[in-house]
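Remarks on the overall topology
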Amino acid sequence: MHKLPPLHPRQLGRGVAALIPQSGTEVSAAGRAAAALAALQTVPVQLGVLQAAALLLDELGSSGADDETRATAEETARLLRAAMGFPAG
């Protein structure tokens, strides 16, 4: 079964950095700053939305999807449950 590598605190922000245009691009400094602020903004999500996503991912994980898709769905569902403080599924 495919397992995602564990995330270390330093790795968590790397995806956000990819969303922010870098200097030397056609985007102004103000545009880069606005992108950085938007990428880091916290968005509240109701617990029920996370629970529904985990259930849908469970279904995908037990479907006829390819091995990589199933493994990714299962691991994502596990991570969602861990973030919600729920036992694995």
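Details of the structure are given in the entry above.
Below you will find a few notes about this structure.

A look at the nonpolar core
- Of all hydrophobic cores here, the largest spans five residues; its members are A54, L57, A73, A77 and L80.
- Elements represented by at least two residues in this core include exactly helix 3 (47-61) and helix 4 (67-84).
- When residues of this core are assigned to their parent elements, the largest contribution, three residues, is made by helix 4.
- Beyond its immediate stretch of four places on either side in the chain, L80 contacts L50, A53, A54 and L57.

A look at the packing of helix 3 against helix 4
- Remark: helix 3 packs on helix 4, axes separated minimally by 8 Å, with the N-to-C direction vectors making an angle of 155°. In terms of orientation, helix 3 lies roughly antiparallel with respect to helix 4. Viewed along their axes, helix 3 and helix 4 form a crossing whose handedness is left-handed. Of the residues in helix 4, those touching helix 3 at L47, L50, Q51, A53, A54, L55, L57, D58, L60 and G61 are T69, R70, A73, E74, T76, A77, L80, R81 and M84.
- Of the residues that constitute the contact of helix 3 with helix 4, the class distribution is eleven nonpolar, four polar and four charged.

Considering the environment of A77
- Residue position: A77 is located in helix 4.
- Sequence separation of A77 and L60 is 17 residues, and the distance between their C-alpha atoms is 10.0 Å.
- Once you skip the residues sitting within four places of it in the chain, A77 turns out to touch A54, L57 and D58.

Basis of the calculations
Residues numbered from 1 in each chain as written. Predicted model: local features only at pLDDT ≥ 70, side-chain atom pairs only at ≥ 80, totals over all residues. Heavy atoms only, no water. Core = buried A, V, L, I, M, F, W, Y, C linked by side-chain atoms within 4.5 Å. Buried < 20%, exposed > 50% of the residue type's maximum accessible area, 1.4 Å probe, protein only. Helix = DSSP H or I, 4+ residues; strand = E, 2+ residues; numbered from the N terminus. Contact = heavy atoms within 4.5 Å. Axes fitted to C-alpha atoms, helices over the stretch in contact; angles between N-to-C directions. Parallel < 35°, antiparallel > 145°, perpendicular 65-115°, else oblique. Left-handed = near helix turned anticlockwise from the far one by under 90°. Nonpolar A, V, L, I, M, F, W, Y, C, P; charged D, E, K, R; others polar.

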